[in-house]
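Per-entry structural report
The chain contents come next:
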Amino acid sequence: MVENNSNLLLLVTLAPLATSLVVIFAPRVTQAGFARVYALVGSIVTLLLSLGFISGMRADPAAYSSFMSVPWIEDWGIRFTLGLDGLSGMLVLLTNLLIVVSILASWTAITDRAREFYACLLVLQTGIIGTFLALDLFVFYIFWELMLIPLYLLIGIFGSSNRIYATMKFFLYTMAGSLLMLLGILTLYFKTAPLLDDGATFSIIRLVQVSSQLPIETQTIIFFAFAIAFSIKIPLFPFHTWLPDAHTEAPTAGSIVLAGVLLKTGVYGLIRFAIPLFPAVAEAYAPLFLALAVTAIIYGALTALVQEDMKRLVAYSSVSHMGFIVLGLFSFREEAISGAALQMLSHGISTGGLFYCVGLLYERRHTRLLSEFGGLAYNMKIYAVLTVIIVLSSVGLPGLNGFVGEFLILLGTFQVAPVAAAIATLGVILAAVYLLRMTQLALFGKLDREENKALTDLNAREISGLAALIFFALWIGLYPRPFLKLVEPTSRSLAELVEPGAGELVSDRVASIPANSPSQSDNRGQIDGAAGR
């Protein structure tokens, strides 16, 4: 594969890390104002640089429009390999957008240790971008672990009163998943070495060509090592219990990034690694994941319905909405997978916006309890209008971003698992109930508390952050075609790869191709396509 846009790819990946060093070491950043200005400028530059990928992504979203691969630890078959296609490019753009919004949301909320706060946020951005771009499992794991450290610090240092408990719970869950995935990566590395003419490798593009030749028992063990690690990050029921505590205690920026993009790394891992590597196992255990997804949808919705803390309500809504994404993915229908990929983007916008709205109230009142509010639409009119739009986008109102993805997910799932789809539809109804209940209690009714009467409406900075999210919510809802085009090649390849019996067919076909034959790359096109090639 020829390197293309390699300098831009590396620049976008490492620019946030470089900005974090500027924030830490540049003169006068001991003052909070300078730290946040440096961080905002750096994040905007990274966002603008990432826009340079758009033309290549739109021209051929199935191929790596940007690609780089340089030797790193050659004795172990490790190369620093990054690649950007339609799916990963869409998620990188979402990441960079939400980082800008997160910095705007923290502008006046973070005054103590601002330098450390913004540095952690920018290092987290590098970890997330690298996770979406890595095509070498060793490099992927490095970036995966890099995400853990700054988020641990963001919650543990800048979180609320119960932050230590939430941080330790988050750390233990995610570290357990990471260690399990590391064992899976190493097992795959050593087990596939005899099947590769050029020696052992961590390259996902090479590994998907031979992984189906492994004994089915080995495939199953490695698949679940990956799947459990990714399920913890999503988080999928029953691995979800760390999420509400982490969201509740995290600062607003941490919640926006956590819900907006960090959870998507788990789904991305399933799409890019676990399923293409082991399609037969994924097909065999699809009913299990469909059941867990439906459970997450209903459980998350019912739990959100009884929450009095708005942040916990939105956190449990994330559990429910992420269940929809897993449901669409494991239905293995092209339209449902496309819907799941689009819903990753939509959920990041809607739920990131909800946490921003809750954070704006918390910064003014220092409480998130619904019982403390009411009638805010009378004196915070701009806030009320923007919040209602964000709420309706999360509910899935036609014309806004949440509707398109959920519709495609249910449409595809009904064709293979009608009972699961019918039960999941209840989650859509319940989402309307708990989100509209939150809106009713917070914004409408009587304005009878003196503390609420004194609240001021949004300023230009706060409006700009929400307006950016609403712009994309409307764009996706009214004209989703550009975004669907980006993810359709990956969705089509994945659906074809995991057709009934496709796992066995892939294994037989690859095993029958002579090593280094000219037809080898042609016959492997379908396999590589599922990995995003």
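Residues numbered from 1 in each chain as written. Predicted model: local features only at pLDDT ≥ 70, side-chain atom pairs only at ≥ 80, totals over all residues. Heavy atoms only, no water.

Observations concerning the overall build of the protein chain
What counts here: Secondary structure elements are defined from DSSP: runs of H or I of at least 4 residues count as helices, runs of E of at least 2 residues count as strands, and each element is numbered from the N terminus. Based on C-alpha atoms, the radius of gyration is set beside the globule rule, defined as 2.2 Å times the residue count to the power 0.38. With a 1.4 Å probe rolled over the protein chains alone, any residue whose accessible area is under 20% of its type maximum counts as buried; one over 50% counts as exposed, and the rest are partly exposed. Contacts are residue-level and defined by heavy atoms, with any inter-residue pair within 4.5 Å sufficient.
Each helix and strand counted, the protein chain has 25 helices and two strands in total. For 533 residues, the compact-globule estimate of 2.2 N^0.38 gives 24 Å, and the protein chain sits close to it at 22 Å. Seen through its C-alpha atoms, the protein chain measures out along the principal axes to roughly 80 × 60 × 40 Å. For the protein chain, the proportion of its 533 residues judged to be buried stands at 62%. Restricting the contact set of the protein chain to residue pairs at least 6 apart, pairs at least 24 apart contribute 80%.

Observations regarding the packing of aromatic side chains
Just so we agree on the cut-off: Aromatic rings from Phe, Tyr and Trp, taking only the six-membered ring of Trp, are treated as a pair when their centres fall within 6.5 Å; an angle between ring planes under 30 degrees marks them as stacked, one over 60 as edge-to-face, and anything in between as tilted.
Evaluation of the coordinates by the stated rule reveals 29 aromatic pairs. Ring geometry for Phe 289 against Phe 330: centres 4.3 Å apart, planes inclined by 5°, an arrangement best described as stacked. With a gap of 41 residues between them, Phe 289 in helix α14 (residues 286-305) and Phe 330 in helix α15 (residues 310-331) connect regions that are remote in the sequence. Looking at Phe 289, the relative accessible area reads 4%, which means it is buried. The exposure class assigned to Phe 330 is buried, which follows from its relative accessible area of 1%. Considering the side-chain rings of Phe 403 and Phe 407, the 5.7 Å spacing of their centres and the 20° angle between planes classify their relative orientation as stacked. One end of the pair is Phe 403 and the other is Phe 407, both in helix α18 (residues 401-416) and four residues apart, which spans about a single turn. A relative accessible area of 44% means that Phe 407 is categorised as partly exposed.

Here we look at a nonpolar patch on the surface
What counts, and what does not: Surface patches are drawn from residues lacking salt bridges whose relative accessible area is over 30%; two like charges belong together within 9 Å, two nonpolar side chains (Val, Leu, Ile, Met, Phe, Trp, Tyr) within 5 Å. With residues, only the protein chains shown are counted as cover, and all accessible areas are computed by Shrake-Rupley using a 1.4 Å probe. By definition here, a salt bridge exists when the distance from a side-chain nitrogen of Lys or Arg to a carboxyl oxygen of Asp or Glu is within 4 Å.
Together, Val 419, Ile 423, Leu 426, Ile 429 and Val 433 give the surface a local cluster of nonpolar side chains, amounting to about 430 Å² of exposed area. Locating Val 419 in the fold gives a position in helix α19 (residues 418-443). The exposure class assigned to Val 419 is exposed, which follows from its relative accessible area of 60%.

Overview of the pairing of strand β1 (residues 66-73)
Where we set the bar: Strand pairing is defined by DSSP finding a minimum of two bridges between the two strands.
Pairing geometry for β1 and strand β2 (residues 78-84), over seven bridges, is antiparallel. By the bridge assignment, Val 70 is partnered in β2 with Phe 80.

So, helix α21 (residues 460-478)
Using the following cut-off: Multiplying 1.5 Å by the residue count of a helix minus one yields the expected span of that helix. Side-chain atoms alone can form a polar contact between residues adjacent in sequence; in general such a contact is a pair of N or O atoms within 3.5 Å, and within protein one must be able to donate a hydrogen while the other accepts it.
If you check α21, its first and last C-alpha atoms are 26 Å apart, about what 19 residues at 1.5 Å a residue would give, namely 27 Å. Among the residues of α21, Arg 461, Glu 462, Gly 465, Leu 466, Leu 469, Ile 470, Ala 473, Ile 476 and Gly 477 are the ones counted as buried. Its buried side turned inward, α21 meets α4 (86-105), α16 (334-365), α17 (381-395), α18 and α22 (481-497). Sitting at the head of α21, Asn 459 places a side-chain oxygen 3.1 Å from the backbone nitrogen of Arg 461.

Details of the confidence of the model for the protein chain
Cut-off, in case you're wondering: On a range of 0 to 100, pLDDT expresses the predictor's confidence in each residue.
Considering every residue of the protein chain, the mean pLDDT works out to 86; 90% of them sit at 70 or more. Note that pLDDT drops below 50 for residues 501-533; the model gives that stretch 62 contacts with residues more than four away or on any other chain.

What to know about the pattern of salt bridges
Applying the stated criterion across every chain yields a total of twelve salt bridges. Glu 372 is the salt-bridge partner of Arg 449, the closest N and O atoms lying 3.5 Å from each other. Placement of the pair is Arg 449 in the loop between α19 and α20 (450-453) and Glu 372 in the loop between α16 and α17, with a sequence separation of 77 residues. Within the structure, one salt-bridge network assembled from shared partners comprises Lys 169, Asp 245 and Arg 312.

Here's the deal with the packing of helix α12 (residues 264-277) against α22
Defined as follows: Fitted lines through C-alpha atoms give the axes, limited to the stretch in contact for helices. The angle between two N-to-C directions lies from 0 to 180 degrees. Each angle receives one of four descriptions, namely roughly parallel if under 35 degrees, roughly antiparallel if over 145, roughly perpendicular if within 65 to 115, and oblique otherwise. When the near helix sits turned anticlockwise from the far one by under a right angle, the crossing is termed left-handed; a clockwise turn instead gives a right-handed crossing. In this classification, the charged set is Asp, Glu, Lys and Arg, the nonpolar set is Ala, Val, Leu, Ile, Met, Phe, Trp, Tyr, Cys and Pro, and all remaining amino acids, among them Gly, are polar.
Packing of α12 against α22 brings their axes to within 11 Å, and their N-to-C directions diverge by 20°. For the element pair α12 / α22, the angle class is roughly parallel. Classified by chirality, the crossing of α22 by α12 is left-handed. Contacts between α12 and α22 involve Ile 271, Arg 272, Ile 275 and Pro 276 on the former and, on the latter, Thr 490, Leu 494 and Leu 497. Class assignment for the residues of the contact of α12 with α22 results in five nonpolar, one polar and one charged.

Brief notes about the side chain of Asn 379
Position of Asn 379 among the secondary structure elements: in the loop between α16 and α17. Within polar-contact distance, the side chain of Asn 379 engages the backbone oxygen of Lys 453 at 3.4 Å. For Asn 379, the contacting residues outside a window of four places in its chain are Leu 447, Asn 452, Lys 453, Ala 454, Leu 455 and Asp 457.

With respect to the pairing of β2
Burial runs high along β2: six of the seven residues are buried. Linking β1 back to β2 in an antiparallel pair, the connection comprises four residues, with Gly 77 at a positive phi of about 75°.

Some points on the environment of Phe 132
On the secondary structure map, Phe 132 appears in helix α5 (residues 114-133). Sequence spacing of Phe 132 and Ser 88 is 44 residues, and the spatial spacing of their C-alpha atoms is 5.5 Å.

Structural notes on unusual backbone geometry
A negative phi angle is the norm for most residues apart from glycine, just as the trans form is the norm for most peptide bonds. Of note, the bond from Ile 234 into Pro 235 is cis; its omega dihedral lies within 30 degrees of zero at -10°. Assignment of secondary structure puts Pro 235 in the loop between α9 (216-233) and α10 (242-249). The amide bond that connects Phe 237 to the next residue, Pro 238, takes the cis arrangement and shows omega of 10°. Along the chain, Pro 238 turns up in the loop between α9 and α10. The backbone of Phe 332 shows a phi angle near 55°, a positive value even though the residue is not glycine. Residue position: Phe 332 is located in the loop between α15 and α16. When its relative accessible area of 10% is taken as the criterion, Phe 332 is described as buried. Residues other than glycine seldom take positive phi values, yet His 366 does so here, at roughly 60°. Relative to the assigned elements, His 366 resides in the loop between α16 and α17. On the basis of relative accessible area, His 366 is assigned to the exposed category, the value being 59%.

Describing the environment of Gly 83
Within the secondary structure layout, Gly 83 lies in strand β2. Under the relative-accessibility criterion, Gly 83 is labelled buried at 1%. Once the C-alpha coordinates of Gly 83 and Leu 124 are considered, the two residues, 41 residues apart in sequence, prove to be 19 Å apart.

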